[in-house]
Amino acid sequence: MTVRCDECSNLTNCRCGMSNRDHQPLKFTCRNCGSTIGITFDVQGADSLDTVALAAMLSAKNKRKPPKLNQGVRHRLTGATEVEGEGPFKPGIDFVDLHLDFPVVFGEYEMGNTPYMQASMRSGAERAAFHRDRLGLVNAQYKKYPQVIKLIGMYNSGFHGPFAVLARKSFKVEVRSKRLEDINAALYTVVSHYVLPFTLPDTSQGASRKFTHTVLDLLQSKREATGAFLQKLYDTEYLVGLQRDCLKIYKPIFHAEMPLRPALFLDLDPSYVEGQVPMRVSTNDFEEYKEVYKDMAEIYSRQLVLVAGINNLIKRGDHDAFARGVWVTAKGKDQAPDSLEDYADVALGNKPRFLDDPWFTLDPVAQDNKLRNGIAHAKIDYNEVTQKITYYPKLEGMLRASKEEIFLLDYMRRMLALFREVHRLHHLIKCLNYAILLEPGASLIKKAPGV
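What counts and what doesn't
- Residues numbered from 1 in each chain as written.
- Predicted model: local features only at pLDDT ≥ 70, side-chain atom pairs only at ≥ 80, totals over all residues.
- Heavy atoms only, no water.
- Axes fitted to C-alpha atoms, helices over the stretch in contact; angles between N-to-C directions.
- Helix = DSSP H or I, 4+ residues; strand = E, 2+ residues; numbered from the N terminus.
- Parallel < 35°, antiparallel > 145°, perpendicular 65-115°, else oblique.
- Left-handed = near helix turned anticlockwise from the far one by under 90°.
- Contact = heavy atoms within 4.5 Å.
- Nonpolar A, V, L, I, M, F, W, Y, C, P; charged D, E, K, R; others polar.
- 1 Å grid on protein atoms, 1.4 Å probe; cavity = no way out; pocket = protein on both sides within 12 Å on 5 of 7 lines; lining within 4 Å.
- Points joined across faces, edges and corners; volume = space filled by probe spheres on them.

*Asks:* So what exactly am I meant to see when it comes to the packing of helix H4 (residues 145-157) against helix H5 (residues 160-171) here?
*Replies:* The description of two helices packed together rests on the angle between their axes and the distance between the axes. Between H4 and H5, the shortest axis-to-axis distance is 8 Å and the interhelical angle comes to 160 degrees. Relative to H5, the element H4 lies roughly antiparallel. Read as a crossing pair, H4 and H5 show a hand that is left-handed. For the pair H4 and H5, contact is made by Gln147, Val148, Lys150, Leu151, Met154 and Tyr155 and by His160, Pro162, Phe163, Leu166, Ala167, Ser170 and Phe171, respectively. Residue classes in the contact of H4 with H5 are distributed as nine nonpolar, three polar and one charged.

*Asks:* Would you mind going over the side chain of Gln24 with me for this structure?
*Replies:* Mapped onto the secondary structure, Gln24 falls in strand S3 (residues 23-29). Excluding its chain neighbours within four sequence positions, the residues that come into contact with Gln24 are Gly17, Met18, Ser19, Ile39, Thr40, Phe41, Val43 and Leu100.

*Asks:* Please clarify how the layout of surface pockets should be interpreted in this entry.
*Replies:* One simple way to see leftover space: roll a probe sized like a water molecule over the atoms. Estimates place the volume of the second largest pocket at around 470 Å³. What lines the second largest pocket is a set of 18 residues, among which Leu180, Val240, Gln243, Asn433 and Leu437 lie closest to the centre. Mapped by element, the contributors of at least two residues to the lining of the second largest pocket are H4, helix H6 (180-195), helix H8 (223-236), helix H9 (238-248) and helix H15 (408-437). Grouping the amino acids of the lining of the second largest pocket by side-chain chemistry returns nine nonpolar, six polar and three charged.

*Asks:* Teacher, can you tell me more about the packing of helix H3 (residues 125-141) against helix H11 (residues 257-265) here?
*Replies:* Taken N-terminus to C-terminus, the directions of H3 and H11 make an angle of 160 degrees; their axes are 10 Å apart at the nearest point. By the criterion of interaxial angle, the relationship of H3 to H11 is roughly antiparallel. At the point where H3 passes H11, the crossing takes the right-handed sense. Residue-level inspection shows His131, Arg134, Leu135, Val138 and Asn139 of H3 in contact with H11, the latter providing Glu257, Arg261, Leu264 and Phe265.

Below, the structure written as structure tokens:
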């Protein structure tokens, strides 16, 4: 379709690929004036096909009855008016590819070279099919996200009775008893199911097994020292507060379901190199998700305290004992934290270096302290036309000299990587919670009378 910007009358040719999501709000920015233009498709009950190329392949099998494209699809525009085009798109008019499920690139119009076809050529047909199947699960689940968020809110607020009712009515999950371990089991049954498309299941399951094995081994081999670590977590309520904040991250991830779709495809694209190809996202809302990365980074920083405590237990038999003589300044000062309490106050960018030969391998893609600093200190700019993000991670007074640049798709990819790492370490929180609630760890915890 061809649209005329309501603000400046600039024409843009738009090739819109169809997702299988029944409601598809696409956005782009007018290159002439920077105004946001929205094209929303409603395809519920409609016969929508992804590309003209796919239709051509189908029609070749039965030339007498060629398929009709997008029967029943309705669309509406905001910020622009649709005008009648002149056959195939011609050069000289701005062109934009739009697709909810795949990255789109800048460039001239090329017939048949749709975002779907480009993605399939980069990933291969089998991986492209996997991407469609994974997003099919998102399409089937996204209308229940508000109920999942409501369930998490009830859990965090301690409304365990209404929680049990909602779990049974909305998700057919029974809470076996009023004990916290059974309430936790019901909660994570629901959360794990609905967060599945955004995670790497094999990685999450492997991490869960590793955490369980490691904690059980410590409870057997270093029982007293591990008990002291669990007691510290119990007395400070560190684990309770961290679990509550981890659960809060699922709401913004569910809300970011649409701009995360093309970022999910990058799992399957071996040609992707961050920042080298200016691929775009067909939803244009960076400001809405800017704070999410910073908030998750803060949670990640606190999760590393648990990793460090277990690392110290494994290496030195004391959760407070960091390696000495490793991080020594030229003047002879040992920079290692004196305790786990001190480590908790270490800045995120420095935390990983105090994990000597760690038992748990951190994802390097999830650790971008420069980006976190740029967002935290409001030293970040966004160009809505090019979707380029420029951030300034260093403290330079009034200057903005040292800059880093990425595109919105790169940012969503980093946000997804950090979410996966926070979600992966959420399994460690669950494991330590069960170690406090159940044997063999429960008998090691000294609790106040009546608790």
